Number of protein chains: 2
Amino acid sequence: MAAVYYELIHKDAATGARAGILHTPHGKFLTPLFMPVGTQATVKTLSPHEVQNLGAGIILANTYHLFLRPGAELVKKAGGLHRFMNWTHAILTDSGGFQVFSLSDLRKITEDGVKFRSHIDGSEKFLSPEISIATQAALGSDIAMAFDECIPYPADYDYAKISTERTHRWAERSLNAATNPKQGIFGICQGGMYEDLRAESAKVIGAMNFAGCAVGGLSVGEPRNVMYRMLEVSTKFLPENKARYLMGVGTPDHLLEGVARGVDMFDCVFPTRVARNGMAMVSPQTNSRGRLVMKNSEFTEDFAPLEPNCDCYTCRNKFTRAYIRHLVRADEIFGLRLLALHNLRYLQRFMSNMREAILADSFNDFRENFFAAYEADNHA
Amino acid sequence: MAAVYYELIHKDAATGARAGILHTPHGKFLTPLFMPVGTQATVKTLSPHEVQNLGAGIILANTYHLFLRPGAELVKKAGGLHRFMNWTHAILTDSGGFQVFSLSDLRKITEDGVKFRSHIDGSEKFLSPEISIATQAALGSDIAMAFDECIPYPADYDYAKISTERTHRWAERSLNAATNPKQGIFGICQGGMYEDLRAESAKVIGAMNFAGCAVGGLSVGEPRNVMYRMLEVSTKFLPENKARYLMGVGTPDHLLEGVARGVDMFDCVFPTRVARNGMAMVSPQTNSRGRLVMKNSEFTEDFAPLEPNCDCYTCRNKFTRAYIRHLVRADEIFGLRLLALHNLRYLQRFMSNMREAILADSFNDFRENFFAAYEADNHA
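Residues numbered from 1 in each chain as written. Chains lettered and ligands numbered in written order. Predicted model: local features only at pLDDT ≥ 70, side-chain atom pairs only at ≥ 80, totals over all residues. Heavy atoms only, no water.

Novice: Go over the pairing of strand E11 (residues 184–189) of chain B with me, naming the residues and quoting the values.
Specialist: All names here are of chain B. Counting buried residues in E11 gives six out of six residues, a clear majority hidden from the surface. Neither face of E11 is open: one carries Gly184, Phe186 and Ile188, the other Ile185, Gly187 and Cys189, and all of them are buried. Alignment of strand E10 (residues 143–145) against E11, held across three bridges, turns out to be parallel. Across the sheet, the residue bridging to Met145 is Phe186, located in E11. (Buried < 20%, exposed > 50% of the residue type's maximum accessible area, 1.4 Å probe, protein only. Helix = DSSP H or I, 4+ residues; strand = E, 2+ residues; numbered from the N terminus. Pairing = 2+ DSSP bridges.)

Novice: Outline helix H8 (residues 195–207) of chain B, listing residues and values.
Specialist: Between its first and last C-alpha, H8 of chain B extends 18 Å over 13 residues, near the 18 Å set by a 1.5 Å rise per residue. Of the surrounding secondary structure, the elements contacted by the buried residues of H8 of chain B are helix H7 (157–176), E11, strand E12 (212–215) and helix H9 (224–236) of chain B. (Expected span 1.5 Å × (residues − 1). Contact = heavy atoms within 4.5 Å.)

Novice: Let's hear about the side chain of Arg166 of chain B: which residues, and what values?
Specialist: Residue placement: Arg166 of chain B occurs in helix H7. Here Arg166 of chain B is in contact with Ile109, Thr110, Glu111, Glu149 and Tyr159 of chain B, once residues within four sequence places are set aside.

Novice: Lay out the relation of the copies chain B and chain A with the relevant residues and their values.
Specialist: Think of it as a corkscrew move, a rotation about one axis and a shift along it, taking one chain copy to the other. With an RMSD of 0.0 Å, chain B superimposes on chain A once it is rotated by 180° and translated 0.0 Å along the axis. Considering both components of the superposition, the chain copies are consistent with a two-fold axis. Among all residues of chain B, the minimum C-alpha distance to the rotation axis is found for Ile333 of chain B, at 4.0 Å. The residues that chain B uses at the interface reappear at the interface of chain A in 100% of cases, marking a shared surface. (Least-squares fit on C-alpha atoms with pLDDT ≥ 70 in both.)

Novice: Go over the nonpolar core with me, naming the residues and quoting the values.
Specialist: In terms of nonpolar packing, the biggest core is built from 172 residues, with Leu81 of chain A together with Leu81 of chain B touching the most fellow members. Apart from residues no more than four positions distant in its own chain, Leu81 of chain A is found in contact with Ala41, Ala61, Leu66, Val75, Asn86, Ile91, Thr93 and Leu139 of chain A. (Core = buried A, V, L, I, M, F, W, Y, C linked by side-chain atoms within 4.5 Å.)

Novice: Give a description of unusual backbone geometry that names residues and reports values.
Specialist: Residues and elements named next belong to chain A. Looking along the chain, the bond that leaves Arg69 and enters Pro70 is cis, with omega of 10°. Summarising the element assignment, Pro70 is placed in the loop between helix H2 (63–68) and helix H3 (72–77). Positive phi outside glycine occurs at Ala41, with the angle close to 70°. Residue position: Ala41 is located in the loop between strand E4 (33–35) and helix H1 (48–53).

Novice: Tell me what's going on with the packing of helix H8 (residues 195–207) of chain A against helix H9 (residues 224–236) of chain A, and back it up with residues and numbers.
Specialist: Residue and element names in this part refer to chain A. Contact pair H8 / H9: the axes reach a minimum separation of 8 Å and the direction vectors enclose 35°. Relative to H9, the crossing made by H8 is right-handed. Contacts between H8 and H9 involve Glu195, Arg198, Ala199 and Ala202 from the first element and Arg229, Met230, Val233 and Ser234 from the second. Here the contact of H8 with H9 is composed, by residue class, of four nonpolar, one polar and three charged. (Axes fitted to C-alpha atoms, helices over the stretch in contact; angles between N-to-C directions. Left-handed = near helix turned anticlockwise from the far one by under 90°. Nonpolar A, V, L, I, M, F, W, Y, C, P; charged D, E, K, R; others polar.)

Novice: Which residues make up the sheet that holds strand E13 (residues 243–246) of chain B, and what values do they have?
Specialist: Residues and elements named next belong to chain B. One open sheet accounts for eight strands, arranged E4-E14-E13-E12-E11-E10-E6-E5; its pairing is parallel. Of all strands in the sheet, those with a lone pairing partner are strand E4 (33–35) and strand E5 (58–61), marking the two edges. Averaged over all neighbouring strand pairs, the angle between strand axes comes to 25°, with direction disregarded.

Novice: Quick one: what's the story with the packing of aromatic side chains, residue by residue and with numbers?
Specialist: Residues and elements named next belong to chain A. Enumeration according to the criterion identifies 26 aromatic pairs over all chains in this entry. Judged by centre distance (5.2 Å) and plane angle (85°), the ring pair of Phe370 and Phe371 falls under edge-to-face. Phe371 gets classed as partly exposed once you look at its relative accessible area, which sits at 31%. Each member of the aromatic cluster is reached from another via a ring pair, and the members are Tyr346, Phe350, Phe366, Phe370, Phe371 and Tyr374. We note Lys203 situated over the ring of Phe237; from NZ or CZ to the ring centre the distance is 4.6 Å. (Phe/Tyr/Trp six-rings, centres within 6.5 Å; stacked < 30°, edge-to-face > 60°. Lys NZ or Arg CZ within 6 Å of the ring centre and 35° of its normal.)

Pasting the structure below:
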């Protein structure tokens, strides 16, 4: 049996939503699932035990960051990423491609790979499919991602086509570079914001011998309806028997629409990043925008928990909105922790509620209930 | 029975060191003890459950900070400080005096109290013995401190005498302002760096109807031997049947010398502050200065825990020096948490080892063992 594989359990009757199980060397996890992001071998502000207690079974770590610091060889000497950061469940590492294009300076793309300058010390570095896969093998993640180019938005058709075809060649090279039989490798479809390129990319990546298929290059600034359309075209041509992973997506509305289009896995820094900005994620029934901005004076004497009936550490222990507001205003780290714990648990519950709805063939009701109360932001 | 009282269990045969029990409305705690500091109603970076698991039974919160933000009335509405911050054990609040003199601007001292500008928004505020005690009553701490002036160092004899005598009058006013029978009030001796003033202050404060006596105005920049001498003169004249609290002291050498001179209680931001600077506190057997500077390259491939045989969360879970170094270099909050947990647990164990030595009449051996391995810094 392959190290990593997807088991389809049930398809929602009315939509493309799927309930399944993702099998990995470090356990099996119910899908659809959301992966908290542990960029630098730590989910920001939290201990691995806290992340585990949230119900998260698989987390994402960033190859770009760990490649630069502390370096994959050091992590390997430490016994691999699981041991290094004390995480006993599964880890997915991205390929480094996205960060090379979003964080580093002076990048130069050739057929061979990407030359760039480190955002930490400005030193010149090089990543290629072979180096990315070797780095991920040294890190020892359960799932490694093929090296790709995340096409900037907007991009013209010709560039999107050239880049997507190169991503396909890099996908092939990534597969050929694999050395770790305990690691599953996922391919990444691109295609920019062009339906035919998206469809073609899904077919090409879907036909390769990957353990799963990701959809990359979305949620990069395009309008929401364009994103949903591109996702639809992609998942339509992805094989049913492999996990589908929509990269970098983590707001409740996007998660719902992703699941509705047959996506099984997501990751995003959103819940931990907004926690550090003093924001609590809540159901649209509690707040129509799905969020509480804790600095607001309306919470000064609000002695309720963030969300009624939430079972997270923060709400279960009755830390009040007034106390969290105080901590946020006083720049106290414990305030960020309380919000990160709440936000990540909120998303874990959200995913698990979606799964229940899929199994009950009532996913569309669940989705409509959400959107009936939800008032989207104008952006994206 | 008084809300707060001290029970002497044993005096070390060779030194002034005492083992006892401090009784409070929120439990009884073995002395000598060290109180972690929760300045703004949170021990920096940690949850109350983590602080409790360290073995800390009593923590300190700062009246000055809470008076300014969020305000004592808000905390009272929340159900008091214990409920506000979710801390089920005891809390000692300081009087605000020290911070008024160290943090605020434009202070003006009169017999009535101190006018000052908030370090947060520059607004004009006023603290007096009566306001400080009323604030602490609203916060609902187990132990409130009398309002005093912390004399700057250096100060001439005449100023030290004038200030100390005013502190005595303020002590009396603090006692008279008490309204909360569930709260014990501690007096604070001052006296600058003058033996006769220290002795006199200890006699005056010791004779008043306080639940305990603190020694203030030490560890403010004076040479180490001066501090020890002033402490000696103070504790000599303090009553045996009350707890003695040396304020703002928390390095192992000072704790040892304080206990040797009959001190029962300490507090200091040192363990949490140095954690945020990337420093681990360790025994002098592990490092002669008693500390590891985690950024140092010597820890790059050091896969040992911070300290062998340490039972803190960090060491027990085998988070390595290499991993902590990585987190500190990457500015990850979890690194600070791992260090804060370790440092505070280190001090809890240190206090409890001192107590065992006192009970076994071997405190001097314990102290000499420490100093045989310890290489003090030149400062203070």
